Structure formats: structure tokens, C-alpha cells
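# Tertiary structure, described
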Amino acid sequence: MRYELPDKIKFAAILFVLAGHLTFPAPMAHWIYSFHMPLFFIISGAFAKGLGGKLRDFAGRQFRRLILPYFIFGTLLLAHYCVYAQFARYGRMEIDFPQILESFALGNLSVLWFLSALFFASIFCFLSEKISRSPKFLLPFTFAVAACAAWLLRGREGFWCANIALVALFYFQLGNLLMRTYEQRPGAFGAAADSPLAPAAGLALCAAAFFSCPYNMPYEMATMRFGNPLLYIPISLAGCGGIALTAKYIPYCGPVRWVAANTLTIFCTHLIVYSWCRGALKIFLSVGYPETFTAQTLGINLFLMAAALLAAVPIKFCLNKIFPAIVR
């Protein structure tokens with residue numbers, strides 16, 4: 001069984017991820033970065049399984065789901081860097097192999113940091129639920145952990161992104177509690193989502209996040225680079241809530257379902273596709289990627305995003321043949 005609204009939210013979230021790694025006006029970029037990764041942590045927490053079981057079983061399952069794909073996609077990224085450095089000297093990528101190998105070993109290679117942080121966030125969530133399963137305890141507790149970690153550890157490198165996981169713990173736990181509440185009282189969520197005020201409320205929350213995010217203060221979870229970490233959580237929650245309320249109006253069709261089911265592949269491979277497409281544009285059309293946002297930049301961005309989505313089809317097919325039990 002698939003849930004329509006979470007699929008639509010994942011579809012919207014991955015589009016924001018694709019857009020976030022391209023050139024867009026600074027206000028839009030800062031707005032995207034303020035909430036797009038927290039949204040993925042909330043969705044991941046909503047569908048986490050086995051939190052009430054044994055730690056060994058849960059950790060083993062999460063290791064297979066997250067850490068093994070980290071090494072699979074990490075190896076693919078390393079191969080990309082090697083080949084790209086030799087045969088395609090276009091684009092804006094500066095390749096420092098010792099630094100890349102160090103990042104790979106420390107669990108924070110490129111976009112794959114999300115898998116490491118998600119692994120530890122899920123483990124921390126498991127441990128916190130062993131203390132208490134009451135939302136009255138879990139939400140304030142994980143909020144306090146996230147706020148302290150965002151303030152005290154910002155800008156620091158963490159082993160396998162465990163520092164980022166302390167911030168992500170709140171969002172993961174929030175998603176888990178929201179799903180638990182939905183399963184107990186689905187009617188309340190349905191009434192709220194079907195309210196005629198829902199889209200207006202969603203747009204208002206998105207606007208609130210956009211105008212509350214200081215343009216000179218980036219909120220980037222990947223590097224724990226928070227201009228003001230105490231503002232980060234409320235701004236991100238406004239953005240997540242706005243997207244969740246407006247995503248309901250995305251048509252639920254085959255492409256949306258496929259993208260939602262394959263966000264892992266798209267997330268982990270889109271930078272590779274971007275690099276090679278930029279190289280192809282430069283070689284065959286003499287079109288360099290613009291450093292500033294123009295109408296041409298928008299057209300190229302849409303092309304790159306479409307290419308990343310389409311390229312995920314053959315990539316996923318090949319990975320399913322090679323690693324059928326891991327990359328689903």
C-alpha cells in the first residue's frame with residue numbers, strides 16, 4: 001500500500017533537491033535549503049519500521065537500507081570523479097582526490113551525507129523511544145537536542161554525520177509521531193487536509209518561511225552552517241508544513257509515483273548527471289553553465305533537472321540487477 005500524500009511530498013522534495021544544486025536567485029536558494037532536507041527526514045521518520053523491537057535487529061536493517069547504499073553510490077561517485085577528471089574538463093568541479101577519499105571514509109561524501117545522518121538519526125530515535133514513547137516527552141526532548149546541537153556543533157565536521165543526526169533527530173521523531181497519530185486518528189488528518197483553507201494555509205506557511213529566512217544567513221544542514229541556528233527549526237517547520245499542505249494538489253499519476261519510489265537513486269546520482277550534461281552542452285553546443293541567473297539559466301536548469309529524473313530510470317534498472325536486495 002502506498003500513501004498518496006507522502007508520495008506527493010517526496011516528489012516535491014526531490015524537485016527542490018534538484019533545484020537546490022543549480023543556480024537560482026539567492027533568496028530562493030536559501031529558502032529551499034532551509035527546509036528541503038528536514039522534509040526528507042520527516043518522511044523517513046513517518047515510515048520507519050521496527051522502532052519497538054531490538055536494537056540489533058533495527059540497526060542491522062538500517063545498515064542494509066542506508067549504509068550499504070552509501071558505499072554503492074559512493075563507489076559510483078568515486079568512479080565518476082576519476083573519469084570526469086580525465087576526459088571532461090568542463091563544468092565547475094575542482095577535483096581533490098585525497099579530500100574526496102577522506103570524505104568517503106568519514107561518511108560525508110557529497111550528497112551521500114544524508115544516508116549517514118539518517119542512519120544515526122534513526123538509531124538515536126530508537127534509543128530515545130526506549131526512554132519514553134510519550135509525545136509529551138519526545139518532542140520537547142528531541143527539540144532541545146536539535147537546538148543545542150545546531151548551536152554548539154554548527155560548522156564542525158562530524159564522524160559519519162552523527163552531529164547532523166542530532167539535529168535531524170527532531171524531524172525524524174516528528175515524522176514518526178505524526179504517522180503514529182494518523183494511524184490512531186486518521187479522520188482528523190483527513191479533515192484538515194480536505195479543508196478549503198489548506199492550500200491558502202500552505203502558501204502562507206511557505207511565504208512565512210521565505211520572508212523569515214535572512215538572505216545573508218544560509219541554513220544548510222549538510223555542513224551545519226546555520227546563520228542563526230535558533231531560527232532554523234521554526235523556519236524549516238514552516239517550509240515543511242507549507243509544502244505538505246500544497247502537495248495535496250499535485251496530480252497523483254504514474255511519474256509522480258515512480259519518482260517518489262525512487263528518490264534514493266535520483267538523490268544519489270543527480271550530481272553525476274549534472275556534471276556530464278554540462279560537459280555535453282559545452283562540447284557539442286558551446287554552451288557554458290551560467291554563473292548568474294538569467295532566462296537561459298532557467299532553461300538549462302530545467303533541462304538538467306529533467307535529465308536527472310530520466311537518467312534515474314536506466315541507473316535504477318542496472319542497480320536492481322546488480323544489488324536486488326539492497327537498492328530497491
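Right above here is the structure, for reference.
So, here is what we can say about the structure in this document. (Residues numbered from 1 in each chain as written. Predicted model: local features only at pLDDT ≥ 70, side-chain atom pairs only at ≥ 80, totals over all residues. Heavy atoms only, no water.)

## Describing the overall build of the protein chain
The secondary structure content of the protein chain amounts to 13 helices and two strands. When the backbone C-alpha atoms are referred to their principal axes, the protein chain occupies close to 60 × 45 × 40 Å. Looking at the protein chain as a whole, 48% of its 328 residues are labelled buried. For the protein chain, the proportion of contacts with a sequence separation of at least 24, taken over those separated by at least 6, is 78%. In the structure as shown, the protein chain presents an accessible area of about 15700 Å², 68% of it carried by carbon and sulfur atoms. With 26 positive and 12 negative side-chain charges, the protein chain shows a separation of 7 Å between the mean positions of the two kinds. (Helix = DSSP H or I, 4+ residues; strand = E, 2+ residues; numbered from the N terminus. Buried < 20%, exposed > 50% of the residue type's maximum accessible area, 1.4 Å probe, protein only. Contact = heavy atoms within 4.5 Å. Areas by Shrake-Rupley, 256 points an atom, 1.4 Å probe, with all protein chains shown as cover. Lys, Arg positive; Asp, Glu negative; His and termini not counted. Charge placed at Lys NZ, Arg CZ, Asp CG, Glu CD.)

## Quick notes on the state of the cysteines
Taken as a whole and assessed by the stated rule, the structure comprises zero disulfides. There is no disulfide at Cys82, and the cysteine sulfur nearest it, in Cys268, is 18 Å away. Cys240 provides the cysteine sulfur closest to Cys125, a residue in no disulfide bond, and the two sulfurs are 16 Å apart. (Disulfide = S-S within 2.5 Å.)

## Some details on the pattern of salt bridges
The final tally for this structure, using the stated rule, is three salt bridges. Among the ionic pairs, Arg133 bridges to Glu129, the shortest N-O distance being 2.6 Å. A residue is classified by how much of its surface remains accessible, and Arg133, at 44% relative accessible area, is partly exposed. Assessed through its relative accessible area of 5%, Glu129 is described here as buried. Close ionic contact of Glu129 with Arg180 constitutes a salt bridge, the shortest N to O distance being 2.6 Å. Linking Glu129 in helix 5 (residues 113–131) with Arg180 in helix 7 (residues 162–184), this pair joins segments that are 51 residues apart in sequence. Both residues of the pair, Glu129 and Arg180, belong to the buried class. By sharing partners, the salt bridges in this structure join Glu129, Arg133 and Arg180 into a single network. (Salt bridge = Lys/Arg side-chain N within 4 Å of Asp/Glu carboxyl O.)

## Considering the side chain of Gln62
Relative to the elements of secondary structure, Gln62 occurs in helix 3 (residues 55–87). The contact partners of Gln62, leaving out residues within four places of it in the chain, are Ile67, Phe119 and Ser122.

## Here we look at helix 11 (residues 254–261)
Along helix 11, the residues that are buried comprise Val256, Val259 and Ala260. Here the buried residues of helix 11 occupy an arc of 100° about the axis, which is enough to place them on one side. Each element contacted by the buried residues of helix 11 is listed here: helix 1 (4–20), helix 12 (263–285) and helix 13 (295–322). (Arc of directions from axis to C-beta.)

## Comments concerning the nonpolar core
Generally speaking, nonpolar side chains in soluble globular proteins are found buried as a group. Phe41, Leu109, Leu112, Trp113, Phe114, Tyr171 and Met221 are the most contacted members of the largest nonpolar core, which totals 95 residues. With 10 residues, the single largest contributor to this core is helix 5. Ignoring sequence-local partners within four residues, the contact set of Met221 consists of Met37, Pro38, Phe41, Trp113, Ile164, Val167, Tyr171, Phe226 and Tyr232. (Core = buried A, V, L, I, M, F, W, Y, C linked by side-chain atoms within 4.5 Å.)

## Observations concerning the packing of aromatic side chains
Evaluation of the coordinates by the stated rule reveals 26 aromatic pairs. Taking the centre distance of 5.7 Å and the plane angle of 10° together, the rings of Tyr70 and Phe104 count as stacked. Of this pair, Tyr70 sits in helix 3 while Phe104 sits in helix 4 (residues 97–105), placing them 34 residues apart in sequence. Ring geometry for Phe170 and Tyr171: centres 5.4 Å apart, planes at 70°, overall edge-to-face. Look at Tyr171 and you get buried, because its relative accessible area is 0%. (Phe/Tyr/Trp six-rings, centres within 6.5 Å; stacked < 30°, edge-to-face > 60°.)

## Some remarks on the packing of helix 2 (residues 26–46) against helix 10 (residues 229–247)
Packing of helix 2 against helix 10 brings their axes to within 8 Å, and their N-to-C directions diverge by 70°. Judged on the interaxial angle alone, helix 10 and helix 2 are roughly perpendicular. Along its contact with helix 2, which presents Ser34, Phe35, Pro38, Leu39 and Ile42, the element helix 10 presents Tyr232, Ile235, Ser236, Gly239, Cys240 and Ile243. Taken together, the residues of the contact of helix 2 with helix 10 sort by class into eight nonpolar, three polar and no charged. (Axes fitted to C-alpha atoms, helices over the stretch in contact; angles between N-to-C directions. Parallel < 35°, antiparallel > 145°, perpendicular 65-115°, else oblique. Nonpolar A, V, L, I, M, F, W, Y, C, P; charged D, E, K, R; others polar.)

## Observations concerning helix 6 (residues 135–152)
End to end, helix 6 covers 25 Å across 18 residues, agreeing with the expected 26 Å (1.5 Å per residue, within 8%). What helix 6 keeps buried is the set Leu138, Thr142, Ala146, Ala147, Ala149 and Ala150. The arc that holds every buried residue of helix 6, seen down its axis, measures 165°, which confines them to one face. Opposite the buried face of helix 6, by more than 90 degrees, sit the exposed residues Lys136 and Leu152. Against helix 5, helix 7, strand 2 (225–226) and helix 10 lie the buried residues of helix 6. (Expected span 1.5 Å × (residues − 1).)

## Re the packing of helix 2 against helix 5
Two elements in contact, helix 2 and helix 5, have axes separated by 11 Å at closest approach and are oriented at 45°. As the angle between them shows, helix 2 and helix 5 are arranged oblique. At the point where helix 2 passes helix 5, the crossing takes the right-handed sense. Residues Met37, Phe40, Phe41 and Ser44 of helix 2 lie in contact with helix 5, whose contacting residues are Trp113, Phe114, Ala117 and Leu118. For the contact of helix 2 with helix 5, the residue count by class is seven nonpolar, one polar and no charged. (Left-handed = near helix turned anticlockwise from the far one by under 90°.)

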